Amino acid sequence: FPSRLPNVGTTIFTVMSALAVQHKAVNLGQGFPDFDCDPKLVDGVTTAMQQGHNQYPPMTGIAPLREAIAAKIEALYARRYDAAAEITVTAGATQAILTAILCCVGPGDEVIVLEPCYDSYVPNIELAGATVVRVPLTPGTFRPDFDKIAAALSPKTRAIIINTPHNPSGTVWSPADMRRLDELLAPTNVLVISDEVYEHMVYAPLQHESVARYPGLAARSFIVSSFGKTYHVTGWKVGYVAAPAALTAEFRKVHQFNVFTVNTPMQHGLASYMQDPAPYLNLPAFYAAKRDLFRAGLARTKFRLLPCEGTYFQSVAIDQLAVPERELSEADFCQWLTREIGVAAIPLSAFYGDGFDQKVVRFCFAKKDDTLRAALERLARL
Ligand code: PMP
Ligand code: GLN
């Protein structure tokens, strides 16, 4: 039968992680921590299981977790979402994004993505039968180019997906960027899917600009976040969507027939753990120290460092390496680096529909300091 996704293979993250295992490389490719989460979080889940929280939870997520999410958003971004009608617990951000797309776009609609972008967006839009409109972020700086976004808007534009802090570049949108987007969309009915999974990884002096802070944007946005990133539990696959009641109602229609519910004991563990804001408030300092350690080491290699304002990703240009390495495609370079040097990375070309190759690769620094040092020792051989 004809493939629904003829151009899709196995994700680059899976491919590079498998190659890293095969070559015993330090895996700085796929984004996940190599250290464990807070044992208190695990205790909360264990207790929930022992207390018998092992059956289906409410379709929208357990009330204490939705309430904790609403309280956090209000404390950080000064907007009150109604925990009953405007917050939905999801199976990670991946399901949240797919569900948001499926509930609001269909054939004939256009959805704008800003490239480079996370690899699930485009196939999700294609599965919905809608048309992908790719707008490049500014080459080199990866900042949004509002003239290009304005030019891409059409009467058929149904939604735009934005992502700040940005995977893969680590760029963080400024208040001016958010205001420009708000002004640009004000005369339209365009919806926003705002992927904010790295909201708690923004480095001083910057702060996260959630669409929640901007009334005009909040009114048209699905805010997507993920506990996997914030609490070092990527394998738990729990996230959430905050959106105005009318959007949430449509979201839940799809959600109930997509996953129906998200695992119960994790929700209880997360709800108790969220009562203390310290873990997410301390996250920028925790990751800034790793970023600084990693950047200081990379500065002694032949890689050219790009800025890192947020996320746990550091991108580097390979254009100052020796020949022939600097002449390899990004994808071939990442394979070579994994095999020969023993460090896995991700090519930025994987985040572009046309495989645009700018000789930049991405490392993940959500790793123990010893892991980062081991990787740096190997990279210093280049
Ligand atoms: N969006 C972005 C930008 C991401 O980096 C990730 C993490 N892989 C996701 C969405 C998916 O998050 P989750 O693991 O919670 O599904
Ligand atoms: N978001 C993670 C990354 O960008 C990986 C998630 C995945 O493996 N799909 O590396």
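Conventions and cut-offs
Residues numbered from 1 in each chain as written. Chains lettered and ligands numbered in written order. Predicted model: local features only at pLDDT ≥ 70, side-chain atom pairs only at ≥ 80, totals over all residues. UniProt positions renumbered as here; feature names shortened; annotations may be inferred. Helix = DSSP H or I, 4+ residues; strand = E, 2+ residues; numbered from the N terminus. Buried ≥ 20, exposed ≤ 12 C-beta atoms within 10 Å, placed from the backbone. Contact = placed C-beta atoms within 7 Å. Arc of directions from axis to C-beta. Near = placed C-beta within 6 Å. Nonpolar A, V, L, I, M, F, W, Y, C, P; charged D, E, K, R; others polar.

For the protein chain, an unreviewed UniProt entry supplies the name Pyridoxal phosphate-dependent aminotransferase and the organism Ottowia beijingensis. Quoted verbatim from the Sequence similarities (unreviewed entry) heading of the UniProt record, the comment on the protein chain is "Belongs to the class-I pyridoxal-phosphate-dependent aminotransferase family."

Another aspect to go through is the overall build of the protein chain. Within the protein chain, the secondary structure is distributed over 15 helices and 13 strands. If one aligns the C-alpha atoms of the protein chain with their principal axes, the spans along those axes are about 55 × 55 × 50 Å. Within the protein chain, buried positions represent 48% of all 382 residues. Sequence-distant contacts in the protein chain: of pairs separated by 6 or more residues, those separated by 24 or more amount to 72%.

Another aspect to go through is helix α7 (residues 175-185). Of all the positions in α7, only Met178, Leu181 and Leu185 are classed as buried. Looking straight down α7, one finds its buried side chains confined to an arc of 60°; they lie on one side. Among the exposed residues of α7, those pointing more than 90 degrees away from its buried face are Pro175, Ala176 and Glu183. If you follow the buried residues of α7, they end up packed against α8 (215-218).

We now examine the site of ligand 2. In the vicinity of ligand 2, the contacting residues are Thr11, Phe13, Gln30, Gly31 and Asn167. Grouping the constituent residues of the shell around ligand 2 by class yields one nonpolar, four polar and no charged.

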